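Results of the structural survey
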Amino acid sequence: MNSLTRTRLPRVPFYEYICSEDTGCEHCREAFTVLQRISDDPLPACPACGSAIRRVISAPNLVGSSASDLKPSKIEQAGFTQYRKIGKGVYEKSAGKGPGIISAD
Ligand SMILES: [Zn+2]
């Protein structure tokens, strides 16, 4: 057996988070991307300032494709929720379960 064939990295999803409070810092006021294993729990707080954050996009196995290219039906099917930015600090749900609008106000 050649162990070298097993050194490929597992598929690692990127998760996008945004601050769910208006106390966010520069890091989390705009959505930021986190690399996590699927088995990892969602981050509860911004690693930079500790404000509560929420996951806005979960896109396992989609590294390399733009989130805007994802079909909402596919996202929903996979049990994820997608939001798109419609204004400053305002996100509208485009797929999945969750509140229809996330607003920083
Ligand atoms: Zn922050």
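What counts and what doesn't
- Residues numbered from 1 in each chain as written.
- Predicted model: local features only at pLDDT ≥ 70, side-chain atom pairs only at ≥ 80, totals over all residues.
- Helix = DSSP H or I, 4+ residues; strand = E, 2+ residues; numbered from the N terminus.
- Buried ≥ 20, exposed ≤ 12 C-beta atoms within 10 Å, placed from the backbone.
- Contact = placed C-beta atoms within 7 Å.
- Pairing = 2+ DSSP bridges.
- Axes fitted to C-alpha atoms, helices over the stretch in contact; angles between N-to-C directions.

**Comments concerning the overall build of the protein**
- In terms of helices and strands, the protein carries two helices and six strands.
- When the elements of the protein are put in sequence order from the N terminus, they spell out β-α-β-β-α-β-β-β.
- Residues classed as buried in the protein amount to 17% of the 105 residues present.
- Relative to all contacts within the protein whose residues are 6 or more apart in sequence, the contacts with residues 24 or more apart total 35%.

**Brief notes about the sheet that holds strand 5 (residues 90–95)**
- Taken together, the three strands give an open sheet; going across it, the order is 4-5-6, and neighbouring strands pair in antiparallel fashion. Only two strands of the sheet have a single partner each, and these edge strands are strand 4 (82–87) and strand 6 (101–103). Averaged over all neighbouring strand pairs, the angle between strand axes comes to 30°, with direction disregarded.
- As defined by bridge partners, strand 5 adjoins strand 6 across three bridges and the pair is classed as antiparallel. By the bridge assignment, Tyr91 is partnered in strand 6 with Ile102.

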